[in-house]
Amino acid sequence: MTQSEINYQHIQANGLTFYVGASGSGPRLFFISGSNGDLRKDNSPLLTPLTNNFELLSYDQRGMGQSDKPDLPYTMLDYASDAAAILDAMGWQNVDVVGYSFGGMVAQELAIGWPDKVNRLALLATTAGGAGGSSYPIQEFVELSPVESARRSLEVADLTFTAQWQKDNPDEANKKIALRMKSQSMFADEPNAASGQQRQLQARAKHDTYDRLPTIKQPTLVLAGNRDGQAPVKSQRAMASQIPNCQFKQVNGSHAMLWENNEAVKELITFIT
């Protein structure tokens, strides 16, 4: 799948304009992306192998990419309301939902507040917050220099990207850091991009669904990467234990497991189908 094969459009939902994309064929699958997600980037879910098995729908969340960036505080409930309204606008009802990282937090709120819209729920590299444990406070990276922000985000996302590994593999480490810097700076100079990212991080910091997770009745998969330090495996296990009809799976991978190997993709396809 390439960018030219994806059907992009702007739609009106929840009083805002959202940039959405659809690709692939098969059963419908709604994918909610992570922090600073932008459908123009190479890590777009619309470019993953999932499109070989599903008709995949995703979007730039409020404050991100080519969607509206309203000048007001954002809440996790706002993000879930957006997701529900986008499904309505697209005519997608009672669909399978995948939430990755920050998108997994949004997906939890969606399944809790709009259960009729969610058939099966997959939560990837995400946490519930509260008593179950939170994801790493990545808002701390905003104040760092670009190179240090990239380095720290890599160290947190992949527990094997240690200082010692970087020392032993300087060329590969520097390449990874350069690629992360490029991704982080992409489209960052667009109007209101910085404020949109900041508002997303502020909403993320307040995420807490842990005590409400038992109300999720849909079949659920929690999928964790064993090298993920951003969404610690312990916290993902705690989240899974709170959801009645839930299975927990661990694969070899970092926070970006879905883009690293086929194991995570296979687990997801097996669960959904």
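No experiment lies behind these values; they were computed from the predicted model shown.

1. Description of the layout of surface pockets
Its volume calculated, the second largest pocket comes out at about 170 Å³. As for the second largest pocket, its lining consists of Pro 73, Tyr 74, Thr 75, Met 76, Leu 77, Glu 109, Gln 202, Ala 203, Lys 206, His 207, Asp 208 and Arg 212. For the lining of the second largest pocket, the secondary structure elements donating two or more residues are helix H1 (76–90) and helix H6 (193–205). Taken together, the residues of the lining of the second largest pocket sort by class into five nonpolar, three polar and four charged.

2. Considering the side chain of Gln 166
Inspection of the secondary structure puts Gln 166 in helix H4 (residues 163–168). Apart from the residues within four sequence positions on either side, Gln 166 is in contact with Arg 151, Glu 155, Phe 161, Ala 173 and Ile 177.

3. As for the environment of Gly 225
Within the secondary structure layout, Gly 225 lies in strand E7 (residues 220–225). Separated by 67 residues in sequence, Gly 225 and Asp 158 place their C-alpha atoms 9.1 Å apart.

4. What to know about the sheet that holds strand E6 (residues 118–124)
Read across the open sheet, the eight strands follow the order E1-E2-E4-E3-E5-E6-E7-E8; overall the sheet is mixed. In this open sheet, the two strands that pair with only one neighbour each are strand E1 (7–13) and strand E8 (246–251). This sheet shows a mean twist of 25 degrees between the axes of neighbouring strands, independent of strand direction. Lying on the sheet, helix H2 (residues 102–113) is in contact with strand E3 (28–32), strand E5 (95–100) and E6; it crosses E5 at an angle near 140 degrees.

5. Quick look at the environment of Lys 175
The residue Lys 175 is located in helix H5 (residues 170–185) in this model. Along the chain, Lys 175 and Ala 193 lie 18 residues apart, while their C-alpha atoms are 25 Å from each other.

About the criteria used
- Once a new chain begins, its residue numbering starts again from 1 and follows that chain's sequence as written.
- Reporting of local features is limited, given that this is a predicted model, to residues whose pLDDT is at least 70; pairs of side-chain atoms are given and counted only at 80 or more, and all residues count toward the totals for whole chains, interfaces and linings.
- The side-chain numbers reported here are obtained from all heavy atoms of the structure, hydrogens and water having been left aside.
- Computed over the protein atoms alone on a 1 Å grid, cavities are sets of points where a 1.4 Å probe fits but cannot get out and pockets are open sets with protein on both sides within 12 Å along at least five of seven lines; a residue lines them when it has an atom within 4 Å of a point.
- Grid points are joined across faces, edges and corners, and a volume is the space filled by probe spheres set on the points.
- Per the convention used, a helix needs a DSSP run of H or I reaching at least four residues, while a strand needs a run of E reaching at least two, with both numbered from the N terminus.
- Residues are grouped as follows: Ala, Val, Leu, Ile, Met, Phe, Trp, Tyr, Cys and Pro are nonpolar; Asp, Glu, Lys and Arg are charged; all remaining types, including Gly, are polar.
- By the convention used here, residues are in contact when the closest approach between their heavy atoms is within 4.5 Å.
- Should DSSP find at least two bridges between two strands, the strands are taken to pair.
- Think of each axis as a best-fit line through the C-alpha atoms, taken over the contacting stretch in the case of a helix, with angles from 0 to 180 degrees between the N-to-C directions.

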